[in-house]
Amino acid sequence: MPERREPTSLQRYREKWTWDEVYWGSHCVDCYPGSCPYRVFVKGGRVVYEEAAGTVATLVEGVPDRNPMGCQKGAAWKETLYGRERVLFPLRRKGERGSGEWERISWDEALTEIADALLDAIQEAGPETIVHEMTPAEGGFMAIWPVRRLLCDLLGGVSTDVNAVINDFQPGHYITWGKFNPVNTPESRWQTELRLIWHSNPAYTQIPNYHLGPESRYQGAEVIHFAPDASPSHIHADYFFPVRPGTDAALALAMCKVIVDEGIYNRTFVQRQTDLPLLVRLDTRRFLRGHDLEEGGRDDQFYWLDATTGRVVPAPRTTLDPGEVDPALEGSCDVTLRDGSRVRVTPVFELLKKRLEAYTPEAASKITDVNPEVIRMVARKVATKRTAIGMGMNLCKYYHGDLVQRSMLLLLALTGNWGRHGSGIGSWSPGNFEGPGIFAMKTKPGPEETRRVLAQREAAVPLIRAMNPEGTDEINAIEGIVRATRMGLSNYVPPAWMWYFHSGFNERWRVRDWNDPSMKRPFEEYVREALEKGWWEGVVSPPPDKPPRVLFEVGGNMLRRQRGGRTHALKHLWPKLKLIVSVDWRMSTTGMYSDIVLPAAQHYEKPNFHLASPTLLQLTFSDTAVPPAGESKSEWEIFKLLAEKVEERAKARGFLQYTDASGRERSLENLGYRYSLGLETVDEVIEEWMRDTALAGNVPKTESLKTMKKRGYAMFTNIGQSVFMLNQAADIEPGKPFTSLTWHTEKLIPYPTLTRRAQFYVDHDWFLEAGEELPVHKENPPMGGDYPFVLTSGHNRWSIHSMNITNRLLLQTHRGQPHMVMNTGDALRLGIEDGEEVRVYNDCGSFLVPVKLSGSVRPGQVIVYNGWDPYQFRGWTGPMDVEPGMVKWLHFAGGYGHLRYWPIQWQPVQVDRAVRVNVEKVRGEAMGQAKEGERVRSAPKRSQPPPPKSGPQEYVLGPFGGLMTREEFEAWQAQQQKQASS
Ligand code: SF4
């Protein structure tokens, strides 16, 4: 008998890397732009590993492609797929909310209970009390689309606007451009000569594309990094300049001053693209408008001064081309108003020069801690080089982030740095995948119906143009969506109103000391005025007298994400909710506090597309590699079954018709069919979406579900007709990077703002009252109380969203638990050691967290990176519990040109950066010793604030590899010696 041999280690190793089948995969979460194509390897019915596919098409010859596009979260996704927090069966809570006591129930029981709660809400209070918290973490088109289709489109519930929920909205972009979302493909960076990484840490947050930035240095590009802390992104920069948190507007404005004073601004760009030549009345500080000069003149007709003739002439509304006119940037003149009186007018540029007087490099240096010569050097570089600002989603989370963004855009405008390859500023945008939108307009499946919808859409274009001949396609599309939103047709609502009326934030927002001092009146007064003037008509929903009744979380995690934290939400919102449903593949903190948890299929267990984006120009497909675990189902199937159940229960009640808040008649007849159009499987729906997208011309005619299953992606061929793509104001040109705003800069097509130019002057009453009619620097208000540390955040290396933060493999690559990064010198002064648990608190709340010491962090700053789920903190409270969740009152402004709400655009959003906190030792309790609920500290005692840093410091290498001042180092040495001798 032959001897049986054990496999050698080489054979075992080879065996490990074998598979039965391989599929296309991706991770349909919001790791913008995400959509990395992966190969998913399956053996024995389980995913055994995955790897970046390396199939991203080369967009521009000669520019490094993006392959292999991926990150460590994607490469370790199978650990998430098989994580212990997976929910495998429908669950209903048995004990109190949050008690952790659950019972397994059947799908039929779960759906019946939910359907009855939905019908109760509709019958007793109206469908607008059904709230879906929108979040990109839901996971791609096939997760977001089904829930919105049933709850909002068909039943009349509301989705809270995703951009307010996650706060990736850039209000400064919006105020300036009338849109916040123009983006470029990363290939554009290859032509960048100067890249300012500013308010961003792309080495953590842009892992798939990060390499293009440093690689552009081979082309001779320079990279400058501005940030309070030395993050990993500074390693590949040519210069790193630390900035005091939240003072970046002063820095940008000082650079603008240098550029204006030295006359090195781009006069033609300023004249054509911006409102800086438009005339302002010095008596009222308002723009000179048509109605000032003639009876019945237009309110939105603006004027400039022709430098050649000295005459005041109307600025054209349909083009940015000044024609024969040479719009003056300087000087002033008198004009006669229609009542015969004379007033003096001057271009905005003159007012800007006055404003910039406060921002000499020396003055700005005192505010920002950046050396004045550095400010001059960078300003001159920006003025002479093709410059791009690599800004992430951090700045929009600052109270005065809008002012910083407006100042940054002013810097780019003065130097002609947008709308050409290699220039611009960061943002995010959904994209041009038209299939789901077309499907929503169809009444039956099939190409004939698609052609009908497309023909109808096509026929509407000339009608819309005829209605507003002075509108551009972009302006008209925005007008259409604004109207539809006001009529309640989009069912998107800015959640600020729900937060104010139903979630207890009225109490927080009215705290005067936590707001900017230029908020002169009580917060409530601004809110009242905004409502009385109808600025938010049609979107204050659920209305004040109707609290939300049913909350749907589909992949979202409100108790982690909502500023104010779990404690605040449980106190104010939760008691009002009759039913909370979480549809998720895992048990999150919000799931823990839900009434019913429905198990969703995970990535790799259902066909899906990540949200397409003009940043990528590619539609990436993720296939079903393995069947859904346990009894989990795709979101498409879950909401299809729910639609059928609602129809069934409604028939049993004899309740089939109702009127929603906007006056629309709604029917529950055939709800199941109207949801699915009779399609049974997700594959059938995707087949439909692909064919419809091809018929609309967004992808080549040959693309289909079959080609997606074969190749894994399709390239977009045109921008389509969605308003978010029209906001890009650029065409897709084969072989070139996609660079937004070129319609404005090259074709001289107007912007969708009140003045139809990039608008830096806002003569809205509230902006004038706040002194923010032009960009200005303002200090962060002491949100949370007057405490010595500022708490900042950002994404950590291991997680873009909390779903990855529990990945066991990734947890093993770092300390594996939430931690707060703190300056070594500060810790030393407070007697805090590396790894020691501390209490962080302010007037809103507190949390316990171990400290990681680092010389990279600025004195006075503490950082807790985003993504930890509350249940990972002891006591289940984290940084969100000390965030008051403030909004800037000015963002309730409306009734002024482009300052009006439409989905994912202008609205108040909560901020969370630079919250004030104190840090104290948890006396006598080392990490892990105290038990939940145990008293862990004696009476609060204010820590000593870190001493102010002024004048030049001598730095030395301190413990833990960080920099310390010599003074701090000597104090540390003394402490060590004292400890050693005792
Ligand atoms: Fe790409 Fe996001 Fe997947 Fe990472 S998690 S590989 S960034 S899709």
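What you see is a predicted model, and the numbers here were worked out from it, not measured in a lab.

Draft legend 1. Up close: the overall build of the chain. On a plain count of helices and strands, the chain comes out with 35 helices and 34 strands. Scaling as 2.2 N^0.38, a compact globule of 982 residues should have a C-alpha radius of gyration of about 30 Å, and the chain matches this with 28 Å. Seen along its three principal axes, the alpha-carbon backbone of the chain occupies a region of about 105 × 85 × 60 Å. Within the span of the chain, comprising 982 residues, buried residues form 63% of the whole. A separation of at least 24 residues holds for 74% of the contacts in the chain among residues at least 6 apart in sequence.

Draft legend 2. Here's a closer look at the pattern of salt bridges. Summed over all chains, the structure comprises 85 salt bridges. Here Arg-217 and Asp-238 are joined by a salt bridge, their closest N and O atoms 3.2 Å apart. Of this pair, Arg-217 sits in the loop between α9 (212-215) and β9 (222-227) while Asp-238 sits in the loop between β9 and β10 (239-242); the two residues are 21 residues apart in sequence, bridging distant segments of the chain. A salt bridge links Glu-680 to Lys-640, with the nearest nitrogen and oxygen atoms 3.4 Å apart. With a gap of 40 residues between them, Glu-680 in the loop between α27 (671-676) and α28 (682-696) and Lys-640 in helix α26 (residues 635-653) connect regions that are remote in the sequence.

Draft legend 3. Quick peek at the pairing of strand β3 (residues 46-52). Alignment of strand β2 (residues 38-43) against β3, held across six bridges, turns out to be antiparallel. Bridge pairing links Tyr-38 to Ala-52 in β3. Between β2 and β3, which pair antiparallel one after the other, the connecting turn spans two residues, and Gly-44 there sits at a positive phi close to 60°.

Draft legend 4. Expanded view of helix α24 (residues 565-572). Among all positions in α24, only Gly-565, Arg-566, His-568, Ala-569 and His-572 are buried. Within α24, the buried residues cover an arc of 165° as seen down the axis, which keeps them to one side. Next to the buried residues of α24 lie α20 (496-502), α21 (505-509), α23 (558-561) and α25 (589-592).

Draft legend 5. Summary view of the packing of aromatic side chains. One pass over the structure, following the stated rule, counts 51 aromatic pairs. With 6.3 Å between their ring centres and 75° between their planes, Phe-141 and Trp-689 make a pair best called edge-to-face. Within this pair, whereas Phe-141 is found in helix α5 (residues 141-154), its partner Trp-689 is found in helix α28, the two being separated by 548 residues in sequence. Ring centres of Tyr-787 and Tyr-841 lie 5.8 Å apart, and the angle between their planes is 75°; on these two criteria the pair is classed as edge-to-face. Of the two residues, Tyr-787 sits in the loop between α32 (765-770) and β27 (789-792) while Tyr-841 sits in strand β29 (residues 837-841), which places them 54 residues apart along the sequence. Each of the two residues, Tyr-787 as well as Tyr-841, counts as buried. By way of ring pairs, the aromatic residues Phe-141, Trp-145, Phe-433, Phe-439, Phe-609, Phe-621, Trp-636, Tyr-675 and Trp-689 are connected into one cluster. Over the ring of Trp-24 we find Arg-39; its NZ or CZ atom is 3.9 Å from the centre of that ring. Across from the ring centre of Tyr-526, 4.4 Å away, lies the NZ or CZ of Arg-521, which sits over that ring.

Draft legend 6. Highlighting unusual backbone geometry. A cis amide bond links Tyr-32 to the next residue, Pro-33, at an omega of -5°. Relative to the assigned elements, Pro-33 resides in the loop between β1 (21-25) and β2. Between Asn-67 and Pro-68 the backbone carries a cis peptide bond, its omega angle lying at -10°. Following the sequence through the fold, Pro-68 ends up in the loop between β3 and α2 (72-75). We note that Trp-876 has phi near 60°; this positive angle belongs to a residue other than glycine. Among the secondary structure elements, Trp-876 is positioned in the loop between β31 (861-863) and β32 (915-921). The phi torsion at Ile-904 lies on the positive side, around 60°, for a residue other than glycine. Its place among the elements puts Ile-904 in the loop between β31 and β32. For Ile-904, a relative accessible area of 5% corresponds to the buried category.

Draft legend 7. Geometry of the environment of Val-699. Mapped onto the elements, Val-699 comes out in the loop between α28 and α29 (705-711). Val-699 sits in the buried class, given a relative accessible area of 2%. Linking Val-699 and Gln-271, residues 428 residues apart in sequence, is a C-alpha distance of 38 Å. Beyond its immediate stretch of four places on either side in the chain, Val-699 contacts Thr-693, Ala-694, Ala-714, Met-715, Phe-716 and Thr-717.

Draft legend 8. The arrangement of the packing of helix α4 (residues 107-124) against α26 in detail. Packing of α4 against α26 brings their axes to within 8 Å, and their N-to-C directions diverge by 60°. One finds that α4 runs oblique with respect to α26. The hand of the α4/α26 crossing is right-handed. Facing α4, whose interface residues are Trp-107, Asp-108, Leu-111, Thr-112, Ile-114, Ala-115, Asp-116, Leu-118, Leu-119, Asp-120 and Gln-123, α26 presents Ile-638, Leu-641, Leu-642, Lys-645, Val-646, Arg-649, Ala-650 and Arg-653.

Draft legend 9. Quick peek at the sheet that holds strand β15 (residues 342-347). Within the open sheet, the three strands sit side by side as β11-β15-β14. Their pairing is antiparallel. Every other strand in the sheet has two partners, leaving β11 (279-281) and β14 (333-336) as the edge strands with one partner each. With strand direction ignored, the average angle separating the axes of adjacent strands in the sheet is 45°. Here three bridges tie β11 to β15, and the two strands are oriented antiparallel to one another. Of the residues in β15, the one forming a bridge with Val-280 is Thr-346. Relative to β15, helix α13 (residues 348-356) is tilted by about 70°, and along the sheet it contacts β11 and β15.

Draft legend 10. Representation of the sheet that holds strand β4 (residues 91-93) within the structure. Taking strand neighbours across the sheet as the criterion, the eight strands line up as β5-β4-β21-β20-β19-β6-β7-β18 in an open arrangement whose pairing is mixed. Across the chains shown, the open sheet's two edge strands, defined by having one partner strand only, are β5 (102-104) and β18 (492-493). Relative to strand β19 (residues 550-554), strand β6 (residues 130-133) runs parallel, the two being bridged by four bridges. Considered in β19, the bridge of His-132 is made with Phe-552. Sitting on the sheet, α4 touches β4, β6, β19, β20 (579-584) and β21 (596-599), and the angle it makes with β21 is about 125°.

Draft legend 11. Molecular detail of the packing of helix α10 (residues 248-261) against helix α16 (residues 401-414). Close contact between α10 and α16 brings their axes to 8 Å; oriented N to C, the two are set at 20°. Here α16 runs roughly parallel to α10, going by the angle between their axes. Regarding α10 and α16, the two cross each other, and that crossing is left-handed. Counted together, Asp-248, Ala-249, Ala-252, Leu-253, Met-255, Cys-256, Ile-259 and Val-260 of α10 and Leu-403, Val-404, Ser-407, Met-408, Leu-410, Leu-411 and Leu-414 of α16 form the full contact between these two elements. For the contact of α10 with α16, the class distribution of residues is 13 nonpolar, one polar and one charged.

Draft legend 12. Expanded view of α28. Compared with an ideal rise of 1.5 Å per residue, which puts 15 residues at 21 Å, α28 spans 21 Å between its outermost C-alpha atoms and is within 8% of the ideal. Residues Val-682, Val-685, Ile-686, Glu-688, Trp-689, Met-690, Asp-692, Thr-693, Ala-694 and Ala-696 constitute the buried set of α28. Backbone geometry just after α28 places Gly-697 at a positive phi near 90°.

Draft legend 13. Broad picture of a nonpolar patch on the surface. Together, Leu-10, Tyr-13 and Trp-17 give the surface a local cluster of nonpolar side chains, amounting to about 330 Å² of exposed area. The exposure class of Tyr-13 is exposed, given its relative accessible area of 51%.

Draft legend 14. Layout of the environment of Tyr-399. As for its position among the elements, Tyr-399 is in the loop between β16 (387-390) and α16. Separated by 513 residues in the primary sequence, Tyr-399 and Asp-912 have C-alpha atoms spaced 7.9 Å apart. The residues contacting Tyr-399, other than those within four sequence positions of it, are Trp-514, Asn-515, Asp-516, Pro-781, Met-783, Met-886, Val-887, Lys-888, Trp-889 and Val-911. At 3.0 Å, the side chain of Tyr-399 and the side chain of Asn-515 are in polar contact. One polar contact links the side chain of Tyr-399 to the main-chain amide nitrogen of Asp-516, over a distance of 3.1 Å.

Calculation rules
- Residues numbered from 1 in each chain as written.
- Predicted model: local features only at pLDDT ≥ 70, side-chain atom pairs only at ≥ 80, totals over all residues.
- Heavy atoms only, no water.
- Helix = DSSP H or I, 4+ residues; strand = E, 2+ residues; numbered from the N terminus.
- Rg over C-alpha atoms; globule rule 2.2 N^0.38 Å.
- Buried < 20%, exposed > 50% of the residue type's maximum accessible area, 1.4 Å probe, protein only.
- Contact = heavy atoms within 4.5 Å.
- Salt bridge = Lys/Arg side-chain N within 4 Å of Asp/Glu carboxyl O.
- Pairing = 2+ DSSP bridges.
- Arc of directions from axis to C-beta.
- Phe/Tyr/Trp six-rings, centres within 6.5 Å; stacked < 30°, edge-to-face > 60°.
- Lys NZ or Arg CZ within 6 Å of the ring centre and 35° of its normal.
- Axes fitted to C-alpha atoms, helices over the stretch in contact; angles between N-to-C directions.
- Parallel < 35°, antiparallel > 145°, perpendicular 65-115°, else oblique.
- Left-handed = near helix turned anticlockwise from the far one by under 90°.
- Nonpolar A, V, L, I, M, F, W, Y, C, P; charged D, E, K, R; others polar.
- Expected span 1.5 Å × (residues − 1).
- Patch = residues over 30% accessible without salt bridge, like charges linked within 9 Å, V, L, I, M, F, W, Y side chains within 5 Å.
- Areas by Shrake-Rupley, 256 points an atom, 1.4 Å probe, with all protein chains shown as cover.
- Polar contact = N/O pair within 3.5 Å; in protein donor to acceptor, adjacent residues only side chain to side chain.

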